[in-house]
Number of protein chains: 2
Amino acid sequence: MTDRETERTRAVVRQYFERMGEREWAGFGDLLAVDVRYELPQTNELITGRERLVQFNQEYPGDWSFEVTRLIADGTTAAGSMNFKVGTEEMVALVYFEVADGLITRITDFWPEQYEPPAGREHLVERSPNGLDRFTMDD
Amino acid sequence: MTDRETERTRAVVRQYFERMGEREWAGFGDLLAVDVRYELPQTNELITGRERLVQFNQEYPGDWSFEVTRLIADGTTAAGSMNFKVGTEEMVALVYFEVADGLITRITDFWPEQYEPPAGREHLVERSPNGLDRFTMDD
């Protein structure tokens, strides 16, 4: 049994992903608090307000699609992850949410990039032949 | 009210962070399943097994310290984030956990890096004067 607040958070975050995937922008905006904060810590970018955030998503360039790989909800907070495709490029998106009164008040989005492993740990590590973290929630 | 499984997951992840911070490596190992998987998707690196993972952490170079900024627990899964310092360098670490029978069975670790924002969204975005995501759990 999980508590009601957690289930409410899970529901709104699930809808966030669904409506984004369907480009259902009016309904997407309905999930956001009027003064929602959207943070991109890797670039120190900040978008404030529902209208701007809807526009940002609507204008996001490229032929993108995604699948949700994690949705972890806990009271008024949640974490999600996505495998994202833009054209032929694949990315992982990691996102944190804060929710109040059933609306999303804060989103923090990370886009980690691939890099070469540092030397000195080869005795402990194997390289995975396929990209890790490329799976669906049903796996 | 939150369910027991979630609280058990939260407790083991909290101890994971505490014992790592204290370099209490024997106790750190006690939190891990014998066949724990540690994944670094950005480099396609994989470490398998409790002993290797303890050694990896023990040998991790540099004078590092961290503070936990998020701990989101949900049934047998959890997400955490940390502000990490190695010498004067600051990083954010994003980590996902899977737990079974009170032991951590899978850890997926991301280290997103800073980058310059792409052009074309200046009309929606402001730049934060200070680094975003530099806060503690008590904020």
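Residues numbered from 1 in each chain as written. Chains lettered and ligands numbered in written order. Predicted model: local features only at pLDDT ≥ 70, side-chain atom pairs only at ≥ 80, totals over all residues. Heavy atoms only, no water.

1. With respect to the interface of chain B and chain A
Which entries qualify depends on this criterion: Contact between two residues is taken to exist if any of their heavy atoms lie within 4.5 Å; hydrogens are not considered. Two parts placed together each lose some accessible area; with a 1.4 Å probe, that loss summed over both constitutes the buried area. When a carboxyl oxygen of Asp or Glu lies within 4 Å of a side-chain nitrogen of Lys or Arg, that pair is called a salt bridge. Pairing of N or O atoms within 3.5 Å defines a polar contact, subject to two protein rules: one partner must be a possible hydrogen donor and the other a possible acceptor, and residues neighboring in sequence count only if both atoms are side-chain atoms. Asp, Glu, Lys and Arg are counted as charged, while Ala, Val, Leu, Ile, Met, Phe, Trp, Tyr, Cys and Pro are counted as nonpolar; the rest, among them Gly, fall into the polar class. A pair of strands is treated as paired once DSSP finds two or more bridges between them. The secondary structure listing takes helices from DSSP runs of H or I that are at least 4 residues long and strands from runs of E that are at least 2 residues long, numbered from the N terminus.
Contacts between the two partners involve 55 residues from chain B, matched on the other side by 55 residues from chain A. Summed over both sides, the interface of chain B with chain A buries roughly 5,000 Å², with 54% coming from carbon and sulfur. A salt bridge links Asp-74 of chain B to Arg-10 of chain A; its shortest N-O distance comes to 2.6 Å. Taken together, the connections running from chain B to chain A amount to 22 residue pairs in polar contact (both at pLDDT 80 or more). Grouping the constituent residues of the side of chain B that touches chain A by class yields 24 nonpolar, 15 polar and 16 charged. One ladder, built from two bridges, connects strand 7 (residues 126–127) of chain A with strand 2 (residues 45–48) of chain B; its direction is antiparallel. For Arg-127 of chain A, the partnering residue across the bridge sits in strand 2 of chain B and is Glu-45 of chain B.

2. Brief notes about the sheet that holds strand 3 (residues 64–74) of chain B
Here seven strands make up an open sheet; going across it, the order is 7(A)-2(B)-1(B)-6(B)-5(B)-4(B)-3(B) and the pairing mixed. Two strands close off the open sheet at either side, each with one partner strand: strand 7 of chain A together with strand 3 of chain B. Of the pairings in the sheet, the one linking strand 4 (residues 77–86) of chain B to strand 5 (residues 89–100) of chain B comprises 10 bridges and is antiparallel in character. Considered in strand 5 of chain B, the bridge of Thr-77 of chain B is made with Glu-98 of chain B.

3. Here we look at the pairing of strand 4 of chain B
Residue and element names in this part refer to chain B. Note the threshold: Summary of the burial criterion: residues with accessible area below 20% of their type's maximum are buried, those above 50% are exposed, and those between are partly exposed, where the area comes from a 1.4 Å probe applied to protein chains only.
In terms of burial, strand 4 is largely enclosed, as eight of its 10 residues are buried. Pairing geometry for strand 3 and strand 4, over 10 bridges, is antiparallel. In the strand pairing of strand 4, Trp-64 is matched with Val-86. The antiparallel hairpin formed by strand 3 and strand 4 contains two residues in its connecting segment, where Gly-75 sits at a positive phi of about 65°. Hairpin connection of strand 4 to strand 5: two residues between the antiparallel strands, including Gly-87 at a positive phi of 60°.

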